[in-house]
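Understanding the architecture of this molecule
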Amino acid sequence: MADRTLPRLLQTPAVIMLLIWMIVPLSMTLYFSFIRYVLNSTVRPEWTTPALSNWRGLGNYNYVLNAKDFWFAIQNSVLIVGSILVLTVVLGLALAVLINRTFPGRGIVRVLLISPFFVMPAVNGVLWINMILDPVLGLQGLAVGGINNLVDGLRDFPVLGHFFSLWPELTPISFRATQTSAYAVIMMVTWQWTPFALLIFMTSLQSEDESQKEAATLDGASNWSKFINLTVPHLARPIAIVIMIQSIFHLSLYAEIEIVSRGNGNKNLPYLIGEFANNNIGAASATGIFAVILANIIAIFLLRFVGKSLMD
């Protein structure tokens, strides 16, 4: 008992600070979600101060549930997070397998592949939406214009001209539009977070048992069979870790959505909380509680289904 007492006493301050760090903000959010707390209420000035006399019960939750963008924000949150997870895991796994071999310049290639992870989210958003995805001045607009000019030139050929005359003129996509802005966010965040998955998978591949792969090769197994039956099970825990960590971060995306569309038809729960927080703190707090519930549902799903299936 004496050996256990000292470590517990040394851990106590850190544990208490961690509990305060988590419980106090959550308790304040829960309290605000049950009261009327409106910052700029000129009709009812008493609502501008958080007090029990402004108790509203479940009124804020009912207001949020009936808000026009609430269910869209949940749907968009799941779409963005799910798409990013699938793309980063697949691309990170593919790149990790490709560079897990000796070739000239491997060190430089690894550094270049990992470098996007160190770009700030706001810089990442500005870079993609202005320099890459812009339909006029971005690489997308230049590429589409170049293809259209090439097709116009090929239409003058005697034999192939008829074929290219049927070719439709391509139009650049405006990724600031309502329906496509979410795809822009998915692309830019995938580009930034694939290096994170690559780094985890690349490190884990260093400990893979090569003797098993050699034995499988002698038995006539193909490269695909060795990848599915040996490499993927070996990376089961790293894949689960990548999914869990990225889920936590991607559920709180804000900067990319603000830069791409300013919430015009592309909102997630954190962005909706930011809109409510400009004035209605009670509604923003209720939305925050819904966000916590959604995060826990996703975490339970990933732990019980994704993580368990991989580790088995």
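That block above? That's the structure.
Residues numbered from 1 in each chain as written. Predicted model: local features only at pLDDT ≥ 70, side-chain atom pairs only at ≥ 80, totals over all residues. Heavy atoms only, no water.

Let's shift gears to the overall build of the protein. A tally of regular secondary structure across the protein gives 14 helices and 0 strands. Going from N to C terminus, the protein has its helices and strands arranged as α-α-α-α-α-α-α-α-α-α-α-α-α-α. The C-alpha radius of gyration of the protein comes to 26 Å, more than 25% above the 20 Å expected for a compact globule of 312 residues. Dimensions of the protein along its principal axes, counting C-alpha atoms only, are 80 × 65 × 30 Å. For the protein, contacts bridging at least 24 residues in sequence account for 69% of all contacts bridging at least 6. (Helix = DSSP H or I, 4+ residues; strand = E, 2+ residues; numbered from the N terminus. Rg over C-alpha atoms; globule rule 2.2 N^0.38 Å. Contact = heavy atoms within 4.5 Å.)

Turning our attention to the side chain of N60. Secondary-structure assignment places N60 in helix α2 (residues 59–65). At 2.8 Å, the side chain of N60 forms a polar contact with the backbone oxygen of I35. If we skip the residues at most four places from it in the chain, N60 touches F32, S33, F34, I35, G282, A283 and A286. (Polar contact = N/O pair within 3.5 Å; in protein donor to acceptor, adjacent residues only side chain to side chain.)

In the structure shown here, the tally under the stated rule is 2 salt bridges. One salt bridge in this structure joins K267 and E275, with 3.0 Å as the shortest N-O distance. Residue E275 is classed as partly exposed on the basis of its relative accessible area of 32%. Each of D69, K267 and E275 takes part in salt bridges that share partners, so that together they form one network. (Salt bridge = Lys/Arg side-chain N within 4 Å of Asp/Glu carboxyl O. Buried < 20%, exposed > 50% of the residue type's maximum accessible area, 1.4 Å probe, protein only.)

Formed by 52 residues in total, the largest nonpolar core has its most connected members in V64, F70, I80, V185, V189, F201 and F276. Of all the elements in the fold, those that place two or more residues in this core are α2, α3 (70–98), α5 (121–132), α8 (181–205), α11 (236–250), α12 (255–260), α13 (269–277) and α14 (281–311). Among the elements that line this core, the one with the most residues is α8, at 12 residues. (Core = buried A, V, L, I, M, F, W, Y, C linked by side-chain atoms within 4.5 Å.)

Turning our eyes to something else, we now look at the packing of α5 against α8. Where α5 contacts α8, the two axes come as close as 10 Å, and the packing angle between them is 125 degrees. The pairing of α5 with α8 is recorded here as oblique in orientation. The two elements α5 and α8 meet at a crossing, and its hand is right-handed. Every residue of α8 that contacts α5 at P121, N124, G125, L127, W128 and I129 is listed here: M187, M188, V189, W191 and Q192. Each residue belonging to the contact of α5 with α8 can be placed in one class, and the counts come to 8 nonpolar, 3 polar and no charged. (Axes fitted to C-alpha atoms, helices over the stretch in contact; angles between N-to-C directions. Parallel < 35°, antiparallel > 145°, perpendicular 65-115°, else oblique. Left-handed = near helix turned anticlockwise from the far one by under 90°. Nonpolar A, V, L, I, M, F, W, Y, C, P; charged D, E, K, R; others polar.)

Attention now goes to the side chain of T194. Position of T194 among the secondary structure elements: in helix α8. Setting aside residues up to four positions removed in sequence, T194 forms contacts with T88, L91, G92 and L95.

A few words now on a nonpolar patch on the surface. A cluster of nonpolar side chains, namely V15, L18, L19, W21, M22 and I23, defines an oily patch on the protein surface of about 640 Å² accessible area. As for its position among the elements, W21 is in helix α1 (residues 2–32). (Patch = residues over 30% accessible without salt bridge, like charges linked within 9 Å, V, L, I, M, F, W, Y side chains within 5 Å. Areas by Shrake-Rupley, 256 points an atom, 1.4 Å probe, with all protein chains shown as cover.)

Moving on: the environment of Q192. Relative to the helices and strands, Q192 is located in helix α8. Look at Q192 and you get buried, because its relative accessible area is 4%. As for Q192 and L113, which are separated by 79 residues in sequence, their C-alpha atoms are 10.0 Å apart. Those residues within four positions of Q192 in sequence are excluded, and the remaining contacts are P116, F117, V119, M120, P121, N124 and E256.

Time to look at the packing of aromatic side chains. Taken as a whole, this structure holds 15 aromatic pairs when the rule is applied. Taken together, the ring pairs in this structure connect F34, W55, Y61, F70, W71 and F290 into an aromatic cluster. (Phe/Tyr/Trp six-rings, centres within 6.5 Å; stacked < 30°, edge-to-face > 60°.)

So, on to the packing of helix α4 (residues 106–114) against α8. Closest axis-to-axis distance for the α4/α8 pair is 8 Å, and the angle between their directions is 135 degrees. Our classification of the angle between α4 and α8 gives oblique. Contact residues: R110, L113 and I114 in α4; P195, L198, L199 and M202 in α8. Among the residues forming the contact of α4 with α8, the class breakdown is 6 nonpolar, no polar and 1 charged.

Among the secondary structure elements, L230 is positioned in helix α10 (residues 223–234). On the basis of relative accessible area, L230 is assigned to the partly exposed category, the value being 22%. Along the primary structure L230 and E208 are separated by 22 residues, whereas in three dimensions their C-alpha atoms are 8.7 Å apart. With residues up to four places along the chain from it excluded, the contact list for L230 reads E208, Q212, K213, A216 and S225.

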